[in-house]
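One-letter residues, chain by chain:
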Amino acid sequence: MLRLPKTRVAKPTTVAQAVALLVEHGEVAMPIAGGTDLLPNMKHGLFEPEVLVALGGIKELQRFELQTDGTLILGAGVSLDRIAADERVQRTAPALAQAAGLVAGPQLRRMGTLGGNVMLDTRCQWYNQTHFWRQALGYCLKKDGTVCHVVAGGKKCVAAASNDTAPTLMTLQATLVFEGRSGRREVAIDDLWHTDGIHNKKLGTDEILVEVRVPPRATGHRGAYGKLRERGSIDYPMLGVAARLDVGRDGAVEGADLVLVALQARPVRVRRAAELLIGVPSSGDNFAEAVAAVAEAAYAQAHPMPNIPGDHEWRREMVPVYVARTLHAAATGTGPVHHV
Amino acid sequence: MDARLFEGPRERGITLMAARDQHGVGAPFGDRFQVVGRAERKVDGLAKATGQAVYTDDIQLPGMLHAKILRSPHAHARIRSIDTSKALALPGVHAVITGRDMPIKYGVIPWTPDENALALEKVRFIGDEVAAVAALDEDTANAALRLIEVDYEVLPAHFDPKDALAKPEVQIHETPEKPDRGNVSKHVRLEFGDVDQALEDADVVLEGHYRFHGSTHAPIEPHCAVAQVSPDGVLTLWSATQITHYVHRALARVLELKESRIRVIQPCLGGAFGGKSDPFALEFAVAKLAMVTGRPVKMLWTREEVFYAHRGRHPMQLHYRSGIRRDGKLTGVDAKILIDGGSYSSFGLVTTYYSGQLLTGPVHFPTYRFDSTRVFTNKPPCGPKRGHGSVQPRFAFEVQLDELAEAVALDPIELRRRNWQGEHTHTVNGQRITSNGFLGCLDEVERASGWRERRGKLPFGRGLGVAGSMYISGTNYAIYPNDMPQAGIQIKLDRSGLATVFTGGNDIGQGSNSVCRAIVAEELGLDPDDVRVVAADTDLCPVDLGAYSSRVTFMVGNATIDAARKLRRLVTGAVAKKWSVPENRIFMGRGEVFDLEDRSRAITSREAIQIAEALHDTLGATGSYNTPKLGGDYRGGTIGASPAYSFTAHVVEAEVDVETGRIHLHNCWVAHDCGRALNPMLVAGQMEGSAYMGLAEAVMEVHDINRFGLHAGPSLLDYRIPTSVDTPELHALIVESLDPEGPYGAKEAGEGPLHPALPAISNAVYDAVGVRLRELPFTPAAVLRALRAAGVGPKARAAQQPEGARR
């Protein structure tokens, strides 16, 4: 078994204490929630924190409320399996429930948290490997090295955002509440991202994600998540597609959004999705035509690279297929799109 | 280069066997079995399920040190020097060893000893073992590894067998005595009959190129070994191995110890599948470190290290040319195979023969030629994985049979029936076939799958495919030549009513200890709970060669009957004497002994054993098994010769998503002729496990080396073994042909049922969408490319868009 490096674990009981610990220890400290991603990464020598600030004992992070105005408040520490199984989430934010239910496998969803998934490190076949392996390679740009191997001799890190829930939260126009040394701030999830595989989030080292707020949506809200992966469980996405449709009383699409993940360093919005779908009836031939057009637009926009394992040309070919399937699933309420 | 023409099957009489080796197919008492044939729980089932089973890594000894291995970061390099002084100086480090401490080469096949426990002059793949450290704990040992300084001269490396052949000047194993050898590990060319003429005489000749990508075993338990040296110098090694006997011999050779001073024990094992059938660096390293430090030493490999240990299925490039007459009869098969061996020989000599020798049934072809070349490359060494050497050619040939059936407008099941070799016959390469239940297997999968009503008639995208195979039940090629038995057994029986069976056989989860228990319970009329099995401990158990080539049930089973029958005669004789009745009136079954003609005269087994112990003194018996003399009369003719062959047929039901290329497997019907199912639950488990493993390596598992020579993903996250949700419904259909030489008629069940899974998928895909898949793996990306090349499903967008529309 790979050894976990020796690390001190601090167990705050409030967010304020956790922030204070991060401030106190600075760069050698890292927050840990479920640990399903961080611990393997530590075993691989990708992170070498001296202090882990454990968030599991903080009650505030377990908030789970549907407010009277329809706002869904999800504490960052809520486990993915609870989100997937919760009737309120399934009803008001189906794409999120579906995505949470497709993260990894059952054991990992029980330990893994929503906050951990949103804050997930980017992934790459040249990076998520043991220290021995990376040393034999000569390391890579993201950790300990000077070149990117995705494209031979590359100078920019293109590790892939691999968080299933993030694109669904983008389609849902969620905001994230962070707390740091200078207090709380709310950030639209769209504004969280950098297009940089090394650090793909705009975040201070003293900041902790406290909760995710999903604003209320009109009754015609429909959503779905599509996940491409090799196995029917465990695997990270090779492509994730989050779709939102707002369907009016007359059945026409009034609002639409489409965000893809696992292609590049950040989740990517398909720019023409809304333009092509708004005003179109949400079923029938016209809808199918519009969906096909969105699928083509997504294909034109998506350029997956050989960053994560799997054939990247095939991943690109799967973009229009999964976009179309996910939009249809959203319209008919039959998500998620998954091969098993 | 063993080219030689073999003149068809030899005319010869029935081979005479020692009575010791043949025990008939019937029950020992009367016409009904008491234990055999029942679904009995495995001897270690509860211990495993409750976590009580002791695996090698569970062993903790007082003062035990922990060892780690330094591995090469280069695919091919000469070692100029190694400086271990800084590592040795680290507090907590007890010893550091290198190749110089164990310079004697070894290899599981005695003719090809090309491995060093730790590299001596060269490293030959990324992950090759260079040095080992023993320290107070794992972290200290790991820290010490980082302080070892190795000066390498990096050499050009080969990752492609064709390159390795084309550029022999970069030679992976230097052979100054044979300068022409280049990177050829083994070449075998054998021809039986006039193939060229036979192909000329055929009405249709089909030719095809097939590719097998290579896969690994991925046992859930990583390799682990613990060594201890007693104050009087006896070395004990506990190891997660499936070949205690060969490890015992290899340790003696490399460590220059007498075999009598070494004890090797295999604790409970968490899977092997052929991946633990070589001696490994960790076994030598912990032994040497225990000798140097005087303390017990353990080494547990990481998952990554298990991928480097590998010995997995060889990648092969296979070319087949087969002829068929219009009446559906095959005329000849001509094969040329390039085998990527990786960096060491391992079982490669046998693999090279097996790639040709094991194809000659259940379908008969009157002429045959194969030309197989195994080549060294700078990759983790390949070796034997479940279905050793024959899964790859079987894949190619069974797909080509499907193509041949289509060419002569025959149903593929009918084609196989028409060319069935028959029973009690010889193959074209001179192997003796005894029982053969292949037709029964075809009948079963045809019936269960609804073949006649459904094949070719399912909606587009969904199809059925069939394939068949044959596999050995042990081999009479005993790795090192000797005249001693291949399997030995010892049984102790005493007044407590308990029988203790001592077997050198390795139970690697296949249930061989349970088979021993069932046979002893059957023969001695005991309740199975009153039989205990002590296995795979070289101090306590008679020699058995190990768990490989599907030999254990057949060989150890026969040896067990041999020993148990001797004891049975002592017990029945003693009771008969006491009751003054003829011996044939004494019945023993499931703990009771009674007079068949006077049921009121009945005692317990324990009482009967006490009568026997009083009459005969202490009770014990040994038993043995050896194969009859078998095999073709030519060099290599004994490789692939088995006392019995198992037969299998699969039908796979597959659905192809033409948009994604993903193959959804819905059903796999597995019919397997295992002779007699000694324990149908274990047989079905082996059939399902085999089929699962075959399906897995067909559609998901890729053992790939990247452009730097690094394993592309040495983890169970990136090497994707299917989960339960990825596994189709597996239907085990047991066919019992009752082999005249197997124990109660039994043959193997652990490897044969894997083979047809891969070609049956390809054939099902053809039925589904009309596209032939000749190259493994069938990942969705590869399948989608094949579909598009054939014009099936939506076109690639790249082709639809005008030039310049893509970046």
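Model, not experiment: these values are computed from the prediction.

**Student:** Could you give me a rundown of helix 17 (residues 680-699) of chain B, with the residues and numbers involved?
**Tutor:** Its 20 residues place the ends of helix 17 of chain B 28 Å apart at the C-alpha level, agreeing with the 28 Å of an ideal helix rising 1.5 Å per residue. With 16 of its 20 residues buried, helix 17 of chain B lies for the most part within the structure.

**Student:** Tell me what's going on with the sheet that holds strand 27 (residues 645-656) of chain B, and back it up with residues and numbers.
**Tutor:** Backbone-to-backbone hydrogen bonds pair the strands of a sheet. The strands run either parallel or antiparallel. Residue and element names in this part refer to chain B. Strand order in this open sheet of four strands is 19-27-28-29, and the pairing throughout is mixed. At either margin of the open sheet sits one strand with a lone partner, and together these are strand 19 (462-472) and strand 29 (729-735). Averaged over all pairs of adjacent strands, the angle between strand axes in this sheet comes to 15°, irrespective of strand direction. Bridge analysis of strand 27 against strand 28 (residues 663-673) gives 10 bridges, and the strand direction is antiparallel.

**Student:** A description of the domain arrangement of chain B should follow, citing residues and the corresponding values.
**Tutor:** Size of an interface, as often reported, equals the accessible area lost when the parts are brought together. Residues and elements named next belong to chain B. Domain annotation of chain B identifies domain 1 (21-53 + 486-625), domain 2 (56-155 + 222-269 + 276-309) and domain 3 (316-477 + 632-789). Between the C-alpha centres of domain 1 and domain 2 there is a distance of 39 Å. Of the residues lining the interface, 16 residues belong to domain 1; the matching set on domain 2 comes to 13 residues. Considering only residue class, the side of domain 1 that touches domain 2 consists of seven nonpolar, five polar and four charged.

**Student:** Break down the confidence of the model for chain B for me, with residues and values.
**Tutor:** All names here are of chain B. Chain-level pLDDT for chain B is 95 on average; 97% of the residues reach the 70-or-more range. Under a pLDDT of 50 for its full length, residues 1-16 has, in the predicted model, 25 contacts with residues more than four places off or in other chains. In this model, residues 799-807 is a region of pLDDT below 50 whose contacts with residues beyond four sequence positions or in other chains number four contacts. Predicted complex metrics record ipTM = 0.97 and pTM = 0.96.

**Student:** How would you explain the environment of Lys 142 of chain A if you had to name every residue and give the values?
**Tutor:** Residue and element names in this part refer to chain A. In this structure, Lys 142 sits in the loop between helix 8 (131-137) and helix 9 (165-171). Expressed as a C-alpha distance, the spacing of Lys 142 and Val 158, which sit 16 residues apart in the sequence, is 8.9 Å. Look past the residues within four positions of Lys 142 in its chain and what remains in contact with it is Cys 124, Tyr 127, Cys 157, Ala 159, Gly 197 and Ile 198.

**Student:** Any chance you could break down the interface of chain A and chain B for me, citing the residues and the numbers?
**Tutor:** Each partner contributes to the interface: chain A provides 26 residues, whereas chain B provides 29 residues. Sorting the residues of the side of chain A that touches chain B by element identifies helix 8 and helix 12 (312-332) of chain A as the ones contributing at least two each. Its residues assigned to classes, the side of chain A that touches chain B shows 14 nonpolar, seven polar and five charged.

**Student:** So what's going on with the sheet that holds strand 20 (residues 487-493) of chain B? Residues and values would help.
**Tutor:** All names here are of chain B. Read from one edge to the other, the open sheet built from four strands follows the order 22-21-20-26, with strand pairing classed as mixed. What marks the edges here is a single partner per strand, and that holds for strand 22 (531-535) and strand 26 (619-625). Between one strand and the next, the sheet's axes are offset by a mean angle of 20°, whatever the strand orientation. Packed on one face of the sheet, helix 14 (residues 512-524) meets strand 20, strand 21 (499-503) and strand 22 and runs near 140° to strand 22.

**Student:** Break down helix 19 (residues 780-789) of chain B for me, citing the residues and quoting the values.
**Tutor:** All of the buried residues in helix 19 of chain B are Pro 780, Ala 781, Val 783, Leu 784 and Leu 787 of chain B. Projected down its long axis, helix 19 of chain B carries its buried residues within an arc of 165°, all on one side. Looking at the packing, one finds that the buried side of helix 19 of chain B touches helix 12 of chain A together with strand 28 and helix 18 (757-769) of chain B.

**Student:** Just give me the short version of the nonpolar core, but keep the residues and values in it.
**Tutor:** With 354 residues, the main nonpolar core has Val 294 of chain A together with Ala 67, Val 133, Ala 285, Val 286, Val 520 and Ile 761 of chain B as its most contacted residues. Among the elements that make up this core, the one with the highest residue count is helix 15 (residues 552-579) of chain B (12 residues). Residue contacts for Val 520 of chain B: discarding those within four places in its chain leaves Ile 491, Ala 499, Val 501, Leu 526, Val 531, Thr 560 and Ala 564 of chain B.

**Student:** Can you lay out the environment of Asp 137 of chain B for me, pointing to particular residues and giving the numbers?
**Tutor:** Residue and element names in this part refer to chain B. Checked against the element boundaries, Asp 137 lands in the loop between strand 6 (129-135) and helix 3 (138-145). Residue Asp 137 is classed as partly exposed on the basis of its 13 C-beta neighbours within 10 Å. Taking the C-alpha atoms as reference points, Asp 137 and Ala 644, 507 residues apart in sequence, are found 49 Å from one another.

What counts, and where the lines are drawn
Residues numbered from 1 in each chain as written. Chains lettered and ligands numbered in written order. Predicted model: local features only at pLDDT ≥ 70, side-chain atom pairs only at ≥ 80, totals over all residues. Helix = DSSP H or I, 4+ residues; strand = E, 2+ residues; numbered from the N terminus. Expected span 1.5 Å × (residues − 1). Buried ≥ 20, exposed ≤ 12 C-beta atoms within 10 Å, placed from the backbone. Pairing = 2+ DSSP bridges. Axes fitted to C-alpha atoms, helices over the stretch in contact; angles between N-to-C directions. Domains from an automatic or database assignment. Contact = placed C-beta atoms within 7 Å. Nonpolar A, V, L, I, M, F, W, Y, C, P; charged D, E, K, R; others polar. pLDDT = per-residue confidence, 0-100. Arc of directions from axis to C-beta. Core = buried A, V, L, I, M, F, W, Y, C linked by C-beta atoms within 7 Å.

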